[in-house]
Amino acid sequence: MKNNKVLIGIIAAMTLVIAGLIVFIVGGEKKDNKNSTTQASIDATNELTISEEATENVNSDKDEEVSSTTEANKPQADCYVTVTSNNNWESGGKISGQLDVSITNNSASQIKNWTIEIPAPNGIKVDSFWNCNCVAKDGVIVITPVEYNGTVEKSATLKDIGFIVTVASKSEFDSLMSGSTLLVDGKEYSGTSSTITADSSKDEVEEATTEAVAAQTPAEPESGTPFENHGKLSVKGTDIVDKNGTMYQLKGVSTHGIAWFPDYVNKDCFQTFRDDWGANLIRIAMYTHENGGYCNGGDKEYLKGLVDDGVNYATELGMYVIVDWHILHDLNPQVYKEEAKKFFEEVSYKYKNYDNVIYEICNEPNGGTSWEDVKSYAEEIIPIIRKNAPDAIIIVGTPNWSQDVDVAAQNPITGYDNIMYAAHFYAATHTDNIRNKVQTALDSGLPVFISEFSICDASGNGAIDYGQADKWFELIDSNNLSYAGWNISNKDETSSLIKSSCSKTSWWTEGELSETGIWLRKQILGIK
Ligand code: IDC
């Protein structure tokens, strides 16, 4: 039995090494100044750790890869963390770089439930991470295991943990490679941590003493929020452009119905999407009809209060925010048109000085509602919003659950700037035929906004179709389409981004995200 396992392990190892080499050879496209890294992790039996790493340094005048910890500077402690970097680059006046982390366990027993803490400068941003969970909060980066690497066997080194950060300067970046602490079941391991850093101008090897985590001060609000960088948006042709007239893509998430999941309307939640997911957009969905919706027995003041909280949190975080009048089982936006007029009068007045607010005036007309009906509704609502918000982007829903953008394209709303049209999809149900509608609309110059989508079926549940999801994102990214993924909640359905077993409303670890959540986070972060 044991021998079989070893044999299986060896075969698995060889397969992964070959796969790694193929990925390295086939995927050799050069990008920026980043590493190309292929990783393999501990297998299901936990008996094998392998890794195949291929590193290419583009724009680098050195040919040799920076070596890892040498015998000479090998730390003496039983268990220790090694933080290294062989790549950093300038990004928008800041420094971004990749940090690779390993845990060496030379003690007599396995270690479990490890946590690594690295003192971090204020304003640090974690852009992506792999084989770990990684959050930067309150002056410290906290790294915790994922399902398969929480245990480090005795006499073993756990590798392939890494993350990418952006900080203000090279010295801030370098400081991340000293002072890390390994915590195992509450016990702090001290000792030395070997660090290596290199950039295109110099190779250097440093050794630093691990210190206890310094007194932790809350992180200051980040400079350079999406809104600070991009300001008031407008529509040019089929694109959203920023204050400089440069093409801009909104990428974000939609709440579930705020009446049912109000706890996710909180600032930490939105900040998690901004800082940990790379999102610049939050959509606040307020159902009008179902189960005590705004126009159907809902507490209007309470719901408007939630919308207001959401808009203000997003604004404080420098994010863009959609106020979504979420019609659904009311079918036709004409049903609650009078309520809609009052609502949009009020909110557009309240947010008249906010340049980050987008209005979505009817989520999904359906049930045979014609484009003519939707258009005439829009022609009553738009002027009301325009009185207060002359330039705000307004998204108009389209017939058939916001699929018929091709129909809207034949007879668009005229006389106003900054009008966009909603196309929604659920990838396991909506495939080529809806993509063709979007393409047709774009071809005829209609600006399309994917203000809601998921990768399961149209019920918001059922199996994920990753293949169709990829096809949708080819269309989205090649056309600079903005999007918001449904939905921020832990409801027990596939489209929810958070696992139903998790009640946290912010700072989720990867293990606390649903499959859809894990996929969408990577999508927004641009991790393929
Ligand atoms: C679904 C929710 C589900 C809720 C239902 C209410 O995921 O929890 O019970 O609404 O009717 C849409 C809608 C969106 C739907 C979603 C999934 O805009 O409100 O949410 N969907 O059915 N259009 C296509 C799919």
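Please refer to the structure higher up on the page.
Caption draft 1: Expanded view of the sheet that holds strand β23 (residues 448-454). Taken together, 8 strands build a closed barrel; the order of strands is β17-β18-β19-β20-β21-β22-β23-β24 and the barrel is parallel. For this sheet the average axis-to-axis angle between neighbouring strands, irrespective of direction, equals 25°. Looking at chain direction, strand β17 (residues 251-257) and strand β18 (residues 281-287) are connected through 4 bridges and run parallel. In the sheet register, serine 254 faces β18, and the bridge partner there is arginine 283.

Caption draft 2: Structural view of the packing of helix α10 (residues 432-443) against helix α11 (residues 466-478). In the contact formed by α10 and α11, the axes pass within 11 Å of each other and the chain directions differ by 5°. Classified by the interaxial angle, the pair formed by α10 and α11 is roughly parallel. Between α10 and α11, the residues in contact are Ile434, Arg435, Val438 and Gln439 and Gln468, Lys471, Trp472 and Leu475, respectively. Considered class by class, the residues forming the contact of α10 with α11 number 4 nonpolar, 2 polar and 2 charged.

Caption draft 3: Here's a closer look at the sheet that holds strand β16 (residues 247-248). Pairing is antiparallel across the open sheet formed by 3 strands, whose spatial order is β14-β15-β16. Looking at the sheet topology across the chains shown, the edges are occupied by β14 (234-236) and β16. Pairing between β14 and strand β15 (residues 239-241): 3 bridges, direction antiparallel. Looking at the pairing, serine 234 lines up with valine 241 of β15.

Caption draft 4: Seen up close, the pairing of strand β24 (residues 483-488). The element β24 is largely enclosed, with a buried count of 6 among its 6 residues. Across 5 bridges, β17 lies against β24 in parallel orientation. Among the inter-strand pairings, valine 253 is bridged to a residue of β24, identified as glycine 485. Where β23 and β24 come together, 2 bridges link them in parallel fashion. What sits directly across from isoleucine 450, in β24, is tyrosine 483. The β-α-β motif built from β23, the intervening α11 and the parallel element β24 has right-handed crossover chirality.

Caption draft 5: A look at unusual backbone geometry. A cis geometry characterises the amide bond from tryptophan 486 onward to asparagine 487, with omega recorded as 5°. By the element assignment, asparagine 487 lies in strand β24. The phi torsion at aspartate 160 lies on the positive side, around 70°, for a residue other than glycine. Along the chain, the position of aspartate 160 falls in strand β9 (residues 156-167). With a phi angle near 55°, asparagine 480 is a residue other than glycine that sits in the positive phi range.

Caption draft 6: Expanded view of the site of the ligand. The environment of the ligand is formed by 16 residues, the closest being Tyr287, His326, Glu364, Lys491 and Glu493. Between the ligand and histidine 326, the relevant distance is 2.7 Å, taken from an oxygen atom to a side-chain nitrogen or oxygen of the residue. Look at the ligand: alone it shows 500 Å² of surface, and the protein chains cover 84% of it. Residue composition of the shell around the ligand, grouped by class: 5 nonpolar, 6 polar and 5 charged.

Caption draft 7: Representation of the environment of lysine 236 in the model. By secondary structure assignment, the location of lysine 236 is in strand β14. Distance from lysine 236 to glycine 445, taken between C-alpha atoms, is 9.9 Å for residues 209 residues apart in sequence.

Caption draft 8: View of the pattern of salt bridges. In total, this model carries 21 salt bridges according to the counting rule given. What emerges from the salt-bridge pattern is a single network uniting Arg283, Asp324, Glu360 and Glu452.

Each value, and the rule that gives it
- Residues numbered from 1 in each chain as written.
- Predicted model: local features only at pLDDT ≥ 70, side-chain atom pairs only at ≥ 80, totals over all residues.
- Heavy atoms only, no water.
- Pairing = 2+ DSSP bridges.
- Helix = DSSP H or I, 4+ residues; strand = E, 2+ residues; numbered from the N terminus.
- Axes fitted to C-alpha atoms, helices over the stretch in contact; angles between N-to-C directions.
- Parallel < 35°, antiparallel > 145°, perpendicular 65-115°, else oblique.
- Contact = heavy atoms within 4.5 Å.
- Nonpolar A, V, L, I, M, F, W, Y, C, P; charged D, E, K, R; others polar.
- Buried < 20%, exposed > 50% of the residue type's maximum accessible area, 1.4 Å probe, protein only.
- Right-handed = clockwise from strand over helix to strand, strands pointing away.
- Near = heavy atom within 4 Å.
- Polar contact = N/O pair within 3.5 Å; in protein donor to acceptor, adjacent residues only side chain to side chain.
- Areas by Shrake-Rupley, 256 points an atom, 1.4 Å probe, with all protein chains shown as cover.
- Salt bridge = Lys/Arg side-chain N within 4 Å of Asp/Glu carboxyl O.

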